[in-house]
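Tertiary structure, described
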Amino acid sequence: MSLNSLPIFLLLISGIFCQYEYGPADDYGYDPFGPSAAVCAPECNCPLSYPTAMYCDNLKLKTIPIVPSGIKYLYLRNNMIEGIEENTFDNVTELQWLILDHNRLENSKIKGRVFSKLKHLKKLHINYNNLTEAVGPLPKTLDDLQLSHNKITKVNPGALEGLVNLTVIHLQNNQLKADSISGAFKGLDSLLYLDLSFNRLTKLPTGLPHSLLMLYFDNNQISNVPAALQYLRLSHNKLTDSGIPGNVFNITSLVELDLSFNQLKSIPIVSENLENFYLQVNKINKFPLSSFCKVVGPMTYSKITHLRLDGNNLTRADLPQEMYNCLRVAAEISLE
């Protein structure tokens, strides 16, 4: 299915996504440094208050220690781990979270089907490592995959196949191009959040699922938007007026639109239902009221409450007087 036909809904609240009921991570209020449970790797800590969690952070480990059966949450952050042997988790059949951020993992040193054996795994975090492609195969139970800040250049079409429960994917800060991920997300019918910011995309990938609520492409090299694309965050790209079809953002369900830090000279036409519109740091030099309001009347006006135009070639004198009837509910219009 083409991207053009996707009913993607974006909730553009940077850094906020309350999807999970977090468990025993020290980031969420648990203390991993108290007395340890008896069943634990000696170099690690399994808090008495949560004995199914094992913390092995900041230990300069080069290999993964023996993990006792019964452990469900395993933290191995900030170590020097380069690889994972295929039998590493054979005895940990109940493992649900595997957190491997800030290590030195390489694809060639992750052996066999080590992850797909974990039939209860829900979260796999391998941020800040040395991966050059997405890991796989992965278990169908997975709902949160984080591979940001690696050197990933491709996501093989079969790497994510069958992951019907996958809700969140973090792939920001890699080296991905559109052709290397086109079709990679096909069939992920539960996917709500996809972050592809800070990559090398010059166009949008095809085959994105219908279910997406949050989609991030900021800080790429995208220069045009396909006709009929509905919801997108496109700050810090290379968009020009010629790359935006006339009514591409005139969608009644669109609430927030971020086109800041691009090369636009005019304001695109948007729906009167849009509430937050970010256009700062472009080359805009005119303010056509028709971009916001087709007709101004008692019941027909723009719902915009925040409009950012600072960093453009506009002054207060360039704003038409009738603007205040069109943007009557605006709480903030920033020009400087």
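Located above this text is the structure these notes cover.
To start, this report covers the structure provided alongside it. (Residues numbered from 1 in each chain as written. Predicted model: local features only at pLDDT ≥ 70, side-chain atom pairs only at ≥ 80, totals over all residues. Heavy atoms only, no water.)

1. With respect to the overall build of the protein chain
This is how it is decided: Helix and strand assignments come from DSSP, with helices taken as H or I runs of at least 4 residues and strands as E runs of at least 2, each series counted from the N terminus. Burial status follows relative accessibility: with a 1.4 Å probe on protein chains alone, a residue under 20% of its type maximum counts as buried, one over 50% as exposed, and anything between as partly exposed. In what follows, a contact means two residues having at least one pair of non-hydrogen atoms within 4.5 Å. The protein chains shown are the only cover counted for residues, whose accessible areas, like all others here, come from Shrake-Rupley with a 1.4 Å probe.
For the protein chain, the helix and strand inventory stands at one helix and twelve strands. Listing the helices and strands of the protein chain from first to last along the sequence gives β-β-β-β-β-β-β-β-β-β-β-α-β. Taken over 336 residues, the protein chain has a buried fraction of 52%. Sequence separation of 24 or more characterises 45% of the internal contacts of the protein chain that already satisfy a separation of 6 or more. Summed over all atoms, the accessible surface of the protein chain reaches about 15,300 Å², with 50% contributed by carbon and sulfur.

2. A short note on the side chain of Gln 280
Within the element layout of this structure, Gln 280 appears in the loop between β10 (276-278) and β11 (306-308). The residues touching Gln 280, leaving out its near neighbours within four places in the chain, are Ser 260, Phe 261, Arg 308, Leu 309, Asp 310 and Asn 312.

3. Observations concerning the state of the cysteines
We count it as follows: Disulfides are defined as pairs of cysteine sulfur atoms found within 2.5 Å of each other.
Under the defined criterion, the tally for this structure stands at three disulfides. The partner cysteine of Cys 40 in its disulfide is Cys 46, sulfur to sulfur 2.1 Å. Around the S-S axis, the bridge from Cys 40 to Cys 46 shows a dihedral of about 80 degrees and counts as right-handed. The buried category is assigned to Cys 40, whose relative accessible area is 15%. Each bonded cysteine of the protein chain gets a number by its place in the sequence, and the pairs then read 1-3, 2-4, 5-6.

4. Considering the sheet that holds strand β8 (residues 214-216)
This is how the line gets drawn: Strand pairing requires that DSSP identify at least two bridges connecting the strands. Helix axes are fitted to C-alpha atoms over the stretch in contact, other axes to C-alpha atoms as well, and angles between N-to-C directions run from 0 to 180 degrees.
Across the sheet, eight strands lie side by side as β1-β2-β3-β4-β5-β6-β7-β8; this open sheet has parallel pairing. A strand with exactly one partner marks an edge of an open sheet, and here the two such strands are β1 (53-55) and β8. When the angles between neighbouring strand axes are averaged without regard to direction, this sheet yields 5 degrees. As paired strands, strand β2 (residues 73-75) and strand β3 (residues 97-99) are joined by three bridges and run parallel to one another. Within β3, the residue paired with Tyr 75 across the bridge is Ile 99.

5. Description of the packing of aromatic side chains
A ring pair, where both rings are aromatic, is described by two values, the distance of the centres and the angle of the planes. Where we set the bar: When two rings of Phe, Tyr or Trp (its six-membered ring) have centres within 6.5 Å they constitute a pair, described as stacked for plane angles under 30 degrees, edge-to-face for angles over 60, and tilted for the intermediate range. Look at NZ for Lys and CZ for Arg. If either is within 6 Å of the ring centre and within 35 degrees of the ring normal, a charge sits over the ring.
Following the criterion strictly, the structure yields six aromatic pairs and no others. When the ring centre of Trp 97 is taken as reference, the NZ or CZ atom of Lys 123 above it lies at 5.1 Å.

6. A closer look at the sheet that holds β10
Pairing within the open sheet is parallel, and its four strands lie in the order β9-β10-β11-β12. Each of the sheet's edge strands pairs with one partner strand only, and the pair in question is β9 (256-258) and β12 (332-334). Adjacent strand axes in the sheet meet at a mean angle of 5 degrees when their direction is disregarded. Note that β10 and β11 share three bridges and pair parallel. Across the sheet, the residue bridging to Tyr 278 is Arg 308, located in β11.

7. With respect to the pattern of salt bridges
Opposite charge on two side chains permits pairing when their charged atoms draw close. Worth spelling out the cut-off: A pair is scored as a salt bridge if a Lys or Arg side-chain nitrogen falls within 4 Å of a carboxyl oxygen belonging to Asp or Glu.
This structure, assessed with the given rule, holds seven salt bridges. Two residues, Asp 57 and Arg 77, come together in a salt bridge whose shortest N-O distance is 2.8 Å. Of this pair, Asp 57 sits in the loop between β1 and β2 while Arg 77 is found in the loop between β2 and β3, placing the two residues 20 residues apart along the sequence. We note a salt bridge from Asp 90 to Lys 117, for which the minimum N-O separation is 3.5 Å. Taken together, the residues span a long stretch of sequence, with Asp 90 in the loop between β2 and β3 and Lys 117 in the loop between β3 and β4 (123-125) at a distance of 27 residues.

8. Some details on the environment of Ala 178
With respect to the element layout, Ala 178 can be found in the loop between β6 (168-170) and β7 (193-195). Here Ala 178 falls in the buried class, since its relative accessible area comes to 4%. Separated by 27 residues in the primary sequence, Ala 178 and Pro 205 have C-alpha atoms spaced 4.9 Å apart. Beyond its immediate stretch of four places on either side in the chain, Ala 178 contacts Leu 201, Lys 203, Leu 204 and Pro 205.

9. A closer look at unusual backbone geometry
Cis geometry marks the peptide bond from Gly 136 to Pro 137, where omega comes out at 0 degrees. Turning to its location among the elements, Pro 137 is positioned in the loop between β4 and β5 (144-146). You will see that Asn 219, though not glycine, has its phi angle at about 60 degrees, which is positive. Mapped onto the secondary structure, Asn 219 falls in the loop between β8 and β9. Even without being a glycine, Phe 261 presents a positive backbone phi close to 55 degrees.

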